[in-house]
Every structure is written in C-alpha cells, then in structure tokens.
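This is what each chain is made of:
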Amino acid sequence: MTRRAAGHVALAAAAVVLLALTLRIAVASLSPLLTVIGRDFEVPAAVVGLIGMAPPVAFALSGMVTPAIERRLGLERTVLIAAIVGAVMLALRAAAVDAWTLLAATAGVFAAVGVANVLLPTVVKKHFPERIGLMTTVYSTTMAVATFTPPLVAVPLAEAVGWRGSFVTWAAVAVLAVVPWVAMSLRARAARSDMVAEPRASVLSRIVRVPQTWALVVTFGVNSAVAYGMFAWLPLILMDDAGVDAAEAGGLLALFAFMGLPVSLLVPVLVARLGRTTPFYAVAILGGLTGIVGLLVAPAAATALWVVLIGIPPLMFPLALVLFGLRTRSHETAVAVSAFVQSAGYGFAALMPLAIGLTHEVTGGWTAGLLVLGAALLLVVPAAIIMARRESVEEAWERRTGASW
C-alpha cells in the first residue's frame with residue numbers, strides 16, 4: 001500500500017469512527033438529563049413521550065429522503081452536511097429555553113443522525129470494499145460504546161458544568177467528527193468520485209420485489225423494536241414483576257444496553273468470514289425467546305440472566321449493517337437497500353413501545369406486552385431462512401425475473 005493510499009484509509013477510518021461516536025451520543029445524551037433540565041423549565045410528560053418516539057420516527061423519515069439527497073450532492077458531501085447539522089443541533093440543545101425548543105433541536109439532531117445512519121454502510125462499502133466486516137465491527141462497536149457511556153457520565157458531568165455545559169461537551173465531540181468529513185468531501189470532489197450517475201428509476205421497484213430486502217426489513221425492524229421497547233419499559237417491567245428497586249432496574253437496563261458491545265465486536269467479522277447468517281439468527285431468536293419466557297415464568301429467579309438473554313436479539317443490528325454491504329453488488333443498490341430497510345424497519349420499531357404501553361394500560365400487567373415482543377421475534381424465522389441463501393439483492397432479482405439487473 002502506498003503512503004497516499006494508507007493516508008486515505010486512515011482518514012476514512014477516522015471519519016467513520018468519529019461519526020459513529022456522534023450518532024449514538026446524540027441519541028443517548030438527553031434522557032438522563034431530563035430531571036436536571038426540569039429544574040430550569042418544565043418538560044411535560046407529552047414532550048418526554050415525543051422525545052422518546054423521535055428517534056425511530058426521524059430515522060424512518062430520513063430513510064425516505066436520503067437517497068435523493070445523496071444522488072444530488074454525492075456521498076461524502078451528504079454525510080458532511082449531516083455531520084454539520086448534527087453538531088449544530090446538539091449545540092442548540094444547550095441554548096433551549098423551554099421544552100418545545102429542546103424538542104425542536106432534538107428533532108433536528110435525529111434527522112441528521114438518520115441520514116448518516118443510512119449512508120454509513122455505503123461509506124464502508126465504498127472505502128473499505130475488502131474489509132466490510134472489519135469496518136462494520138469497528139463502527140458498530142463504537143456506536144455500542146457511545147450508547148451506554150452517556151447515561152453513565154451525563155448526570156455527573158451536568159452536576160459539574162450544568163446541563164447546558166454537558167450538551168456543549170457532546171457538541172464538541174460532534175464538531176470533531178466534522179473535520180475528517182471536510183477532508184473526505186474535498187478529496188472525493190477533486191477525484192470526482194463523489195458524483196454518482198443518476199440511478200435508474202427502477203431500482204426501488206426492483207429491490208422491493210426481492211425477498212432478501214424484506215428479510216432485511218424484518219431483521220432490522222425487529223432488532224430495533226426490541227431495543228426501543230426495552231429501553232422504554234424494561235425498568236418498569238422489572239420493578240413490577242421481578243420486585244427490584246429503581247436503582248437496580250436502572251443497572252439492569254445498562255446491562256441490557258451493554259450487550260450491544262460484545263455482539264458488535266464479533267458479529268460483523270464472523271459473518272464476513274464465515275459467509276453464513278443462520279447461526280446468528282438462531283442465537284438471536286432463541287436467546288430472546290428464552291429471556292422473555294424467563295420474565296414471564298420466573299422473573300425474580302434469575303433476573304440478570306433474563307435481561308442478558310433479551311439483550312442478545314440486538315445482535316441483528318450489526319448483522320443487518322454488514323449485510324447491507326455483503327448482499328449488494330453496487331453503491332447504488334447499497335444506498336437504496338439501506339435507506340428502504342432503515343425507513344421501514346424504524347417505522348415498525350416505533351410501534352413497539354406504544355404496543356407494550358397500550359397492552360399494559362388495557363390489562364394492567366406486562367404479560368401481553370412481553371408476548372407481543374415474543375411474537376415479533378418469531379417473525380424473524382422466515383427472514384433467517386431467506387437470508388441463508390448467499391445471494392446479493394441483484395442476483396436474487398435476476399434469478400426471479402430471468403433478466404439482467
């Protein structure tokens with residue numbers, strides 16, 4: 001590898017890692033501070049609910065518009081703009097004067113994060129075509145670390161420098177992520193590698209006719225549904241059914257979040273090396289169902305074990321991310337599949353916290369909600385069967401239609 005090529009690889013890796021760090025900091029750094037913010041101005045329960053629903057809704061909407069933006073501006077420039085908007089909106093959180101300005105800044109953050117979510121797998125495919133598994137491991141692990149770190153340090157940081165100072169700190173991290181993307185954008189523009197030929201209008205119509213695309217939608221959607229459902233309701237479920245106190249419930253929620261770290265380290269590299277997906281689907285489904293049965297039958301007997309097991313299905317997140325690259329042949333298809341899968345998947349995921357809450361309201365307990373979660377996991381079984389075929393989206397379409405992609 002030449003010095004120039006090595007420099008480009010290092011720059012691209014830094015850009016990916018810093019952006020991945022920002023993506024999860026943006027999501028995880030707010031909720032721990034709501035009580036502290038409430039000392040300065042009231043944050044009504046309705047606004048808290050909207051903030052809780054904002055990530056999957058914003059991510060779903062971003063998935064719809066990102067391909068069109070990327071086609072017009074180019075890959076690197078679109079990511080750069082998303083990084084800049086994310087940093088600005090994180091800073092604007094610190095300037096919020098009431099609940100509604102806080103919500104508006106948060107919505108802007110999540111919109112930028114949604115665009116970057118869609119494009120990061122494509123960035124990896126473009127700049128690391130021979131190391132898709134490794135780089136997916138790197139950035140999904142970074143995202144896992146950034147998910148459970150802010151809840152641990154946000155409150156102490158806010159007590160030291162104020163909640164506004166805490167938000168400024170996270171915004172400074174986001175600004176650092178902008179720097180390498182400026183260089184990436186300039187390099188791509190100079191080489192004209194950021195300009196993508198206008199895609200054929202048939203790309204979306206083709207990918208939605210391929211079972212692999214819908215298998216990825218189910219994989220991504222169920223993973224996100226489990227994550228958002230448990231982040232919203234697991235502490236209350238554990239306090240009501242397992243008899244733990246609030247502090248222990250919070251610690252168990254952190255344990256659930258921590259499970260994303262080991263799976264992010266292992267899954268992408270193993271999938272890329274082995275080329276098989278069935279074992280990972282089996283572990284995710286069986287682990288999650290066992291954890292749910294444990295909470296239903298004997299919640300207080302081995303509570304930590306049940307939480308660990310329910311934390312296993314989110315391995316489908318890094319699994320889906322690496323498959324965006326491994327199951328597509330071209331940049332164009334990777335962007336389209338990533339956008340469609342994330343849009344539909346996050347749209348589905350946004351319903352899970354609502355479904356668990358409604359069933360609890362109707363029944364007065366958590367059994368029905370946990371059964372809904374288990375039913376969602378069973379939806380993954382046919383997806384696992386489809387993804388066991390080692391075909392790209394393009395190959396599957398060609399096989400089904402007999403025509404060239």
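First, a word on scope: everything that follows refers to the structure included in this document. The shown structure was predicted, so the numbers you read here are calculated from the model rather than taken from an experiment.

### Describing the pattern of salt bridges
- For the structure on display, the rule yields 4 salt bridges.
- The salt bridge partner of Lys126 is Glu76, with a shortest N-O separation of 2.8 Å. Residue Lys126 is found in helix 5 (residues 99-127), and its partner Glu76 is found in helix 4 (residues 75-94); the two are separated by 50 residues along the sequence.
- In this structure, the salt-bridge partner of Glu391 is Arg399, at a minimum N-O distance of 2.7 Å.

### Quick look at the packing of helix 9 (residues 246-258) against helix 12 (residues 303-310)
- It is at 8 Å that the axes of helix 9 and helix 12 come closest, and there the two elements cross at 35°. By crossing handedness, the relation of helix 9 to helix 12 is classed as right-handed. Contact residues: helix 9 offers Leu252, Leu255 and Phe256, while helix 12 offers Thr303, Ala304, Val307, Val308 and Ile310.

### Some thoughts on the packing of aromatic side chains
- Taken as a whole, this structure holds 11 aromatic pairs when the rule is applied.
- Taking 5.9 Å as the distance between ring centres and 50° as the angle between the ring planes, the aromatic pair formed by Phe220 and Phe317 counts as tilted. Of this pair, Phe220 sits in helix 8 (residues 211-242) while Phe317 sits in helix 13 (residues 316-326), placing them 97 residues apart in sequence.
- In this structure Phe220 comes out as buried when scored by relative accessible area, which is 0%.
- When its relative accessible area of 13% is taken as the criterion, Phe317 is described as buried.
- One aromatic cluster is present, formed by Phe59, Phe110, Phe220, Tyr228, Phe317, Phe324 and Tyr346 through successive ring pairs.
- Directly above the aromatic system of Trp397 lies the positively charged group of Arg206, at a separation of 4.2 Å from the ring centroid.

### What to know about the side chain of Arg327
- Residue placement: Arg327 occurs in the loop between helix 13 and helix 14 (331-349).
- Glu395 provides the closest opposite charge to the buried, unpaired Arg327, separated from it by 7.7 Å.

### Looking at the environment of Leu252
- Along the chain, Leu252 turns up in helix 9.
- Exposure remark for Leu252: the relative accessible area of 8% places this residue in the buried category.
- Sequence separation between Leu252 and Val307 is 55 residues, and the spatial gap between their C-alpha atoms is 6.9 Å.

### A short note on the environment of Trp397
- Mapped onto the elements, Trp397 comes out in helix 18 (residues 393-401).
- Note: C-alpha distance between Trp397 and Pro55 (342 residues apart in sequence) is 32 Å.
- Residue contacts for Trp397: discarding those within four places in its chain leaves Arg206, Arg209, Val210, Gly402, Ala403, Ser404 and Trp405.

### Topic: helix 15 (residues 351-363)
- The end-to-end C-alpha separation of helix 15 is 18 Å, in line with the 18 Å expected for 13 residues at 1.5 Å each.
- Listed in full, the buried residues belonging to helix 15 are Met352, Pro353, Ile356, Gly357 and Thr359. Viewed end-on, helix 15 has its buried residues packed into an arc of 165°, placing them on one side of the element. Along helix 15, the residues that are exposed and aim more than 90 degrees away from the buried face are Glu361 and Val362.
- Looking one or two residues beyond helix 15, the residue adopting positive phi is Gly364, at roughly 80°.

### Let's talk about a nonpolar patch on the surface
- Taken together, the side chains of Met53, Val57, Leu61, Met64, Val65 and Ile69 make up a nonpolar region of the molecular surface, amounting to roughly 520 Å² of accessible area.
- Along the chain, the position of Val57 falls in helix 3 (residues 45-73).
- We classify Val57 as partly exposed; its relative accessible area is 34%.

### A closer look at the side chain of Thr277
- Tracing the backbone shows Thr277 in the loop between helix 10 (260-274) and helix 11 (278-297).
- Residue classification places Thr277 among the buried positions, given a relative accessible area of 2%.
- Residues within four places of Thr277 in sequence aside, it is in contact with Val271, Leu319, Leu323, Arg327, Met387 and Ala388.

### What about the packing of helix 16 (residues 367-378) against helix 17 (residues 380-387)?
- One can describe the packing of helix 16 onto helix 17 by two numbers: an axis separation of 5 Å at closest approach and a directional angle of 20°. Judged by the inter-axis angle, helix 16 sits roughly parallel to helix 17. On helix 17, the residues touching Ala376, Leu377 and Leu378 of helix 16 are Val380, Val381 and Pro382.
- Of the residues contributing to the contact of helix 16 with helix 17, the split by class is 6 nonpolar, no polar and no charged.

### Things to note about the environment of Ala82
- Inspection of the secondary structure puts Ala82 in helix 4.
- For the pair Ala82 and Val178, spaced 96 residues apart in sequence, the C-alpha to C-alpha distance is 9.1 Å.
- If we skip the residues at most four places from it in the chain, Ala82 touches Ala112, Val115 and Ala116.

Calculation criteria
- Residues numbered from 1 in each chain as written.
- Predicted model: local features only at pLDDT ≥ 70, side-chain atom pairs only at ≥ 80, totals over all residues.
- Heavy atoms only, no water.
- Salt bridge = Lys/Arg side-chain N within 4 Å of Asp/Glu carboxyl O.
- Helix = DSSP H or I, 4+ residues; strand = E, 2+ residues; numbered from the N terminus.
- Axes fitted to C-alpha atoms, helices over the stretch in contact; angles between N-to-C directions.
- Left-handed = near helix turned anticlockwise from the far one by under 90°.
- Contact = heavy atoms within 4.5 Å.
- Phe/Tyr/Trp six-rings, centres within 6.5 Å; stacked < 30°, edge-to-face > 60°.
- Buried < 20%, exposed > 50% of the residue type's maximum accessible area, 1.4 Å probe, protein only.
- Lys NZ or Arg CZ within 6 Å of the ring centre and 35° of its normal.
- Lys, Arg positive; Asp, Glu negative; His and termini not counted.
- Expected span 1.5 Å × (residues − 1).
- Arc of directions from axis to C-beta.
- Patch = residues over 30% accessible without salt bridge, like charges linked within 9 Å, V, L, I, M, F, W, Y side chains within 5 Å.
- Areas by Shrake-Rupley, 256 points an atom, 1.4 Å probe, with all protein chains shown as cover.
- Parallel < 35°, antiparallel > 145°, perpendicular 65-115°, else oblique.
- Nonpolar A, V, L, I, M, F, W, Y, C, P; charged D, E, K, R; others polar.

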